[in-house]
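# Close look at the chain arrangement
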Amino acid sequence: MNAILTATEIDTWAKAYPRYAQELLPQLIARLVLCSSSKIEDYNFPIEKGIQFAGYDGVLKSGEATSYFPEGKSVWEFGTNDNALEKFRSDIEKRHSEPLGVNIDDTTFIFVTMKIWNHQTSIEETINESKNRYNWKDVRIIDASKIALWLQSHDAVAVWLANSIGKHIDGIRTIEDFWSDHCESTSPKLGVDYFLLGRDSQIGKLSEWLDKKSGSLTLVSESSLESTLFIAAFFLSQKEKYSAVINKTLIIESTSVWNDLIRRHEKDGLYIPVFNFTEDIRCPVEMSIVLPVAKYSPLSKITKNIKSIKIEKRPKAIYHKALESLGFKIEQLAKIEAETKRSFLPLYRIITTVPTRKKPIWLSEKDIQNLIPAFLMGGWNGDIEGDRIAVELLTGMKYEDYIQVISKWLTTEDAPLFQVFNIYQIVSVQDMWTFLYESLTCEQSRRFRECAIMVLGTENPKFELPEEQWIMAPILGKRPKYSGLLCEGITISLILLSEQGERENNCNITSAED
């Protein structure tokens, strides 16, 4: 991935929007400062209306030196004027004459401009001239070129700035932008309390992991979106405490960006992949990664060397409080609970104001009936004969013909299925049960019953061995007839079938027993 922003882009934008640049520059520098050192002892960079008041544009005290600011105290002045040299000379003269109680002998003066320094007198000459004339401990100038270099070490801040100046970066977002996109486009707007109420245990575990922040963490809920918004809500509810972490956190939406980032990731960065990944996703041990996964995803079962936090459905009373935090009235709560079964995705589909998020894109296709056998199985391994037989029983088609039928679903946007070699699996079990259950036919129900009895009624031959040899069963020729993936998928379908309650369907199924 090339530089997210160049000096020319920063300079051009600042010239076009000088007033906005004046408001943005303090926020940019504050974010970069907090990302650059874990030893910031004190800082103050007034933003928004604060830029109108008297005083320095920024004051910093750092316990260590970096390439952009020194150890100890520094004062900062910002300029977005066309003539950066003139602004610098005016500011340093003013602060030398009126230091506002600052001991300039022990303080570094730093001037920042979003313009490329383009004057006959170079930055070095200007600094040397100032050092000879004034008594500041040191003098520094940071222009658009140096800002661009600084941003190359902090991708999350670079993405934030790109978003702020109107440059869209494909496949990569800040946690604030992701939250704004998903939670401010709902009616009512989703707030942090909705995700955090009644989840003190998960909040504590996440805080503990962040204190160490090493390796990967799986955050498991009913949907990967809920997992992602939970961690976003966590950060935004403690913005001051986690400001440095927020400014080093990136949400990755494509495999190409992910594969590039893992080669050049930021030290102490936090990365959250939200694309449809599989077990083959590379997670280098030196990176801090949060994997937001759905509880029926294969990744949710990973426990070896990976810490996991589970976000379960909340009890009725707490769920009602969460809904009330969104502004729903007490008389609405029972109806919403009945419609959503206390699950996030069904609620989100109801309250989002983005039409394409009301339903998955694949739901607009005419032949979605062909997906029902796949959603009932959950997943299967085409290399195992027993799985192929189960697919044929459930679909009434030859295995190869069914694979041909569902092949188009593997490459669509918001794909409901994914394939790794000959393994096929549902992306979101929750979506499938939300949108396809009511289309389940009596014939499909009958075939599923037969398939479930056939698959789950077959004993695993490993149990013919002594318990201590179970782990060696495949080597000893005791292979199960059906894959664990298929057995688990059918079991999950039976569980979810039992949870559908009074939801209507084409054949009046009311329980898993039917």
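This text gives an overview of the structure that appears in the document.

### Brief notes about the environment of Cys35
Topologically, Cys35 is positioned in helix α2 (residues 18-36). For Cys35, a relative accessible area of 3% corresponds to the buried category. For the pair Cys35 and Asp268, spaced 233 residues apart in the sequence, the C-alpha separation amounts to 9.0 Å. Every residue in contact with Cys35, bar those within four places of it in the chain, is listed here: His154, Val157, Ala244, Asn247 and Lys248.

### Side note on helix α1 (residues 7-16)
Looking only at α1, the buried set comprises Ala7, Ile10, Asp11, Trp13 and Ala14. For α1, the buried positions fall inside an angular range of 165° around the axis, keeping them on one side.

### Quick notes on the sheet that holds strand β7 (residues 216-221)
Taken in spatial order, the six strands line up as β6-β8-β9-β10-β7-β11 in an open sheet, and their pairing is mixed. Whereas interior strands pair on both sides, the edge strands pair on one side only; in this sheet they are β6 (172-174) and β11 (307-310). On average, adjacent strands in this sheet sit at an angle of 25° to one another, irrespective of strand direction. Contacting β7, β9 (270-273), β10 (288-294) and β11, helix α9 (residues 200-212) crosses the sheet at an angle of about 155° to β11.

### Notes on the sheet that holds strand β12 (residues 379-381)
Taken in spatial order, the three strands line up as β12-β14-β13 in an open sheet, and their pairing is antiparallel. Edge strands, defined here as strands with exactly one partner in the open sheet, are β12 and β13 (417-420). Strand after strand, the sheet turns through a mean of 15° between neighbouring axes, direction not considered. As paired strands, β13 and strand β14 (residues 423-426) are joined by four bridges and run antiparallel to one another.

### Brief notes about the packing of aromatic side chains
Across all of its chains, the model carries 22 aromatic pairs by this definition. Ring geometry for Tyr68 versus Trp150: centroids 4.3 Å apart, planes at 5°, classification stacked. In this pair, Tyr68 is assigned in the loop between β2 (58-62) and β3 (72-79) and Trp150 in helix α5 (residues 144-152), connecting sequence segments 82 residues apart. Pair check on accessibility: Tyr68 and Trp150 agree, each one buried. Note on Phe235 and Tyr242: the rings are 5.7 Å apart at their centroids and 65° apart in plane angle, and the pair reads as edge-to-face. The class of Phe235 is buried, set by a relative accessible area of 0%. Of note, Arg95 hangs over the ring of Tyr56, and the distance from its end group to the ring centre comes to 4.8 Å. The cationic tip of Arg314 hangs over the ring face of Tyr194; the distance from NZ or CZ to the ring centre is 5.0 Å.

### A look at the pairing of β3
Successive residues of a regular strand alternate their side chains across the two faces of the sheet. Of all eight residues making up β3, six are buried, and the element is well covered by its neighbours. Looking at chain direction, β2 and β3 are connected through five bridges and run antiparallel. The partner of Gly58 across the bridge, within β3, is Trp76. For β3 and strand β4 (residues 107-113), the ladder comprises seven bridges, and the chain directions are parallel.

Conventions used here
For every chain, the first residue of the written sequence is number 1, and numbering continues from 1 onward in sequence order. Where totals are concerned, whole chains, interfaces and linings use all residues; where local detail is concerned, this predicted model gives features only for residues with pLDDT of at least 70, and gives and counts side-chain atom pairs only at 80 or more. Neither water nor hydrogens contribute to the side-chain values; these are computed over all heavy atoms in the structure. The helix count covers DSSP runs of H or I at least four residues long, the strand count covers runs of E at least two residues long, and both are numbered beginning at the N terminus. Accessibility here uses a 1.4 Å probe with only protein chains present; expressed as a share of the type maximum, an area under 20% marks a residue as buried, one over 50% as exposed, and anything in between as partly exposed. Whether two residues touch is decided by their heavy atoms; if any such pair falls within 4.5 Å, the residues are in contact. What the arc covers is the set of directions going from the helix axis to the C-beta atoms. Any two strands with at least two DSSP-identified bridges between them are counted as paired. To define axes, lines are fitted to C-alpha atoms, for helices over the stretch in contact only, and angles between the resulting N-to-C directions are given on a 0 to 180 degree scale. Working definition: rings of Phe, Tyr and Trp (its six-membered ring) pair if their centres are within 6.5 Å, and the pair is stacked with planes under 30 degrees apart, edge-to-face with planes over 60 apart, and tilted otherwise. Think of it as a cone above the ring: NZ of Lys or CZ of Arg counts as a charge over the ring if it is within 6 Å of the ring centre and within 35 degrees of the ring normal.

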